Amino acid sequence: MRLSNSTRKRWPSVCALSLICCILLSSCRSEAGEQTMYSPADLVVYSVQEKGICEPIIKEFEERTGLNVKVEPGSLEELLKKLEDGSGLYGDDGEAWDVVFGVGIETLEEKKEYWQAYESPEVPSIAGAFRCGDYTWTSFSACPLVIMYNTNVVTYREVPSGWTSLLEPRWKGRVAFMDPGMSDIYSSALATAVYKYRGEGDYMKQLADNLEYGSLTSLSEVNSGILDGRYSLGVTLEGAAQALRSGGADVDYIYPKEGTTVLPDGTAIVNGCPNLEEARCFLDFTVSEDAQRILVSDLNRRSVRMDVPPLPGLSPVNKLPITDMDLKRLSQEKQEILKQWNRILFLYKRSAGE
Amino acid sequence: MKWYGRFSFKTRVFLGCLLVALVPLTFSSVVVTRLFTASINRQLAIEGNRQLEEVSAKLTQLFENCEKACETFTADGTAARVMIDKDAIEMQKDLYLSLYQAVQEIYSSAQFSIYDSGGKLRFTTDTASKNSSLPIRWGLLKKAQGVSGITYYRTDPYLPGADKNILMQGAYSLENSHGARTGYVVLDFSRENFDNLLNGFYSSGDTFLILDSHQRPIYCSSPEYGEKEINDIISHGVSGHEREKGRGVYTRYLWTREPSQGIYVILRRSAPISAEAIRTMGTVSILLSALGLVLCLMISGALSRGIAQPVSQLDKAMAKVKKGDLSIRIHTNRQDELGRLTESFNQMTGDLQKYLEDTVQKQKDLNKTTIKLYQTQLNPHFLYNTLDTIKWNARINQIPEIAILAENLAVILRRSISSRPFITLREELETIESYIQIQKIRFTGRFLYETEIPDQLEDCMVPRMFLQPLVENAIIHGLDGCENGYICIFADQKDGVLSISITDDGCGMDKEMVDWINSDNPLKRDGHLGLYNVIRILKIYYGQEYGIRAEVTKEGTTIALRLPVQREVTDV
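Parameters and conventions
Residues numbered from 1 in each chain as written. Chains lettered and ligands numbered in written order. Predicted model: local features only at pLDDT ≥ 70, side-chain atom pairs only at ≥ 80, totals over all residues. Heavy atoms only, no water. Core = buried A, V, L, I, M, F, W, Y, C linked by side-chain atoms within 4.5 Å. Buried < 20%, exposed > 50% of the residue type's maximum accessible area, 1.4 Å probe, protein only. Helix = DSSP H or I, 4+ residues; strand = E, 2+ residues; numbered from the N terminus. Contact = heavy atoms within 4.5 Å. Patch = residues over 30% accessible without salt bridge, like charges linked within 9 Å, V, L, I, M, F, W, Y side chains within 5 Å. Areas by Shrake-Rupley, 256 points an atom, 1.4 Å probe, with all protein chains shown as cover. Salt bridge = Lys/Arg side-chain N within 4 Å of Asp/Glu carboxyl O. Pairing = 2+ DSSP bridges. Axes fitted to C-alpha atoms, helices over the stretch in contact; angles between N-to-C directions. Polar contact = N/O pair within 3.5 Å; in protein donor to acceptor, adjacent residues only side chain to side chain.

A. Focus on the nonpolar core. In terms of nonpolar packing, the biggest core is built from 52 residues, with Leu166, Tyr203, Leu207 and Val235 of chain A touching the most fellow members. No other element matches helix H5 (residues 184-196) of chain A, which puts seven residues into this core. The contacts of valine 235 of chain A, once residues within four sequence positions are left out, are Leu145, Val146, Ile147, Trp163, Leu166, Ala176, Phe177, Tyr186, Ala189 and Val222 of chain A. With 47 residues, the next largest nonpolar core counts Ile432, Val471, Leu538 and Ala550 of chain B among its residues.

Here you go:
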């Protein structure tokens, strides 16, 4: 211990030195964290809806109620995946979803077990076709499918009349159609067209042939493709077509005479959601008259309420040629149609490969 | 600290230098960098908060001004009346006048419009054309219903009918004297208005973001920012994750909330020094440290080598010396302490070597002498016997001189080859007596011999045969040519010193000889070997202070010997 004696003598200086170091280093420490801006969301909405429709509704809801709503934008596929793999309805950062918004009602109907029933006081105003029998979901808007065409390249004599018009040889390679595998809208459209087809041969095969086995990947591509003349005509939503037409674009649209589908979307409250009161309040708001009116007047959608008429110039829903397919049938057909469609493409690719 | 002792001296010097040079450098560069970034960050936060406070105050001020303007405008009730009474052109003119007056103060901050209760635009200060109606069951006017004062509303960018240039709107209910709502005063805040408001509050690197009470963006001071960037800023502001990973100066997100309307203001302050610059600083300090390390390695290496090399050389040389190699020498050019030490070492080994060689030489000489002595002792018995035979033959043949000669010669011979180096003075005197007997026969009694020795001194030990050469000198040289010579041996003792003097009254000796005898260390001299031997014997046995002195007077010559009184011989 001879050496440690000498160190013991040096203790005071060693201590002083360490103290100085500590003071110097601690002065570099950042100042204590202040309170954060974070305020917990009162309601979490999972939205499959287009942003242009979702945002105004959410904003107005926030303004009226003073609640903070967190919107989790997503896609239908993502939602279905979450439902199927059983990971639960949670966002990426672990927040439980209260409401799913803008999901096609056939999907809502199919996945009934995930939603909880709520009978909104507004339900009596909703048109019978858009009502849910056991109130597990509440419809929000309807958007019929139309065939839109560019008035510059389609003469009045050539104006399409229905689903069969898409098969006309003159439009070979000039039909804008999105891959049904990627879009709920187009699989519904295809299902409706096939269901209504009374002509010869296989509708899908002929359509694929007329599309030259090519399809687009997004709805906006379809719209812009028709608008700038790359395609002569195509299938799109009434709202988008109406917006373009009223915006002065050289497009017009028709409702297929055989019957179209209206693709209603709806809202559902997630089973066991943490903010039930707010979720119900939101659901009431989506079908309230104010919201439905703005939907019609500014957002180019059709209301599901009977007391909200469509804009002047649009025929009311009950005057439209609507298919008589029920939701369950549509849902089943869609899956069948997708399988067939993929087989056709597969066969084509194989033959092209050979 | 025991581990420290395990290192060699050189390593310790080296490590010590390294530590002393590197630790302060590294420490100071780390501390300086950290202090620097910390102070910049603090400065950034303080300034940012000040800016936020100012902006917040400015917003509050704006809201107050708007409120005031609305109140002054509606105070007299004409505005509310005009809304119902559509035809009064005069009143409309007055209304415009009072409208312009009321908004003078906030003209650059907002545009005023008046909508009737059906949401139709009636009057406006805005020069640009705008929507002629607002929905009354949605948005701004809906929110304004049933609220006193101004209601602020973020314009919905997704609503197709909304004016994209207007970022925020405020609405104030116009009520007539009966409390019935007749219209709305609507304030439009455009991007330009916000730009004007915030102008001068931020520098080019900063971004202001104004959010409504639901934390949705109203205005961003960087018009080029899209939704993604804005959401990024918001999420940073909300989460409070202000820093990027790692140290250094970082972009800060500061926020405050305007108290009256609950509007959030987020300020993103970019670091005044880019991460690149900080990294460069770090790199420079690392490079400096590396340079310091290299210099330090070189200098401390040289220093430790300079100190440790001679030491280790000395160490090795010492080990060789210990093994007996005295020829080792260390070459050095140094002038310092270590150089001197090395030279001293060289000198020391040199001296040691020389001493050792001397000793060996002496030993060799001694051996030679001893051998010689043994050789001389070979024949004495034969000589004694011969002398004895001569003596007895002389007695038988009655030649007494020969008998005396032979007898005394035998005595001298015995003494001279005796193995004892010291004998008593008495024995020595007996030898001298024998010698005198012989010389008396040789020189037929030409001289007189006597001794004056006190009895107590006869036991003193003296070197063997040391008086004989002196007596011989006195007889042969001193009394040369004298008819009646006289030789006296006189002994005396004083203070432990035995003085023996041999006096003759002969012809004396020359001066040179006297000086030679009296010198401290007389050199060997031809013809005086006996005298020289006596002097050497005395010096060797007893030391320098003893010896012989010669003195020549008219009466004769006296040779005085000085030697210590010794009763017994201790050691040679």
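Text resumes after the structure shown.
B. Structural context of a nonpolar patch on the surface. Residue and element names in this part refer to chain B. Together, Val284, Leu288, Leu291, Val294, Leu295, Met298 and Ile299 make up a nonpolar patch on the protein surface, roughly 660 Å² of accessible area in all. If you trace the backbone, valine 284 turns up in helix H8 (residues 275-323). Of the residues examined, valine 284 reaches a relative accessible area of 44% and is grouped as partly exposed.

C. Fine view of the sheet that holds strand E3 (residues 150-154) of chain B. Residues and elements named next belong to chain B. The strand order across the open sheet formed by five strands is E2-E1-E5-E4-E3, and the pairing between neighbours is antiparallel. The open sheet has two edge strands with one neighbour each: strand E2 (121-124) and E3. The sheet shows a mean angle of 25° between the axes of neighbouring strands, direction not considered. Examined bridge by bridge, E3 and strand E4 (residues 166-175) share five bridges and lie antiparallel to one another. The residue bridging arginine 154 from the neighbouring strand is methionine 168, located in E4.

D. Spatial organisation of the side chain of serine 303 of chain A. Residue and element names in this part refer to chain A. Secondary-structure assignment places serine 303 in strand E11 (residues 302-303). Here glutamine 292 takes part through its side chain, which lies 2.7 Å from a polar atom of the side chain of serine 303. At 2.8 Å, the side chain of serine 303 forms a polar contact with the backbone nitrogen of arginine 305. In this view, serine 303 contacts Gln292, Val296 and Val308; residues no more than four positions away in its chain are not counted.

E. Representation of the pairing of strand E8 (residues 233-237) of chain A within the structure. Residues and elements named next belong to chain A. Counting buried residues along E8, five of its five residues qualify, which places the element largely inside the surrounding structure. For strand E6 (residues 145-150) and E8, the ladder comprises five bridges, and the chain directions are antiparallel. Bridging across to E8, isoleucine 147 finds its partner in valine 235. When strand E7 (residues 175-176) meets E8, the two strands line up parallel, connected through two bridges. Among the inter-strand pairings, alanine 176 is bridged to a residue of E8, identified as glycine 234.

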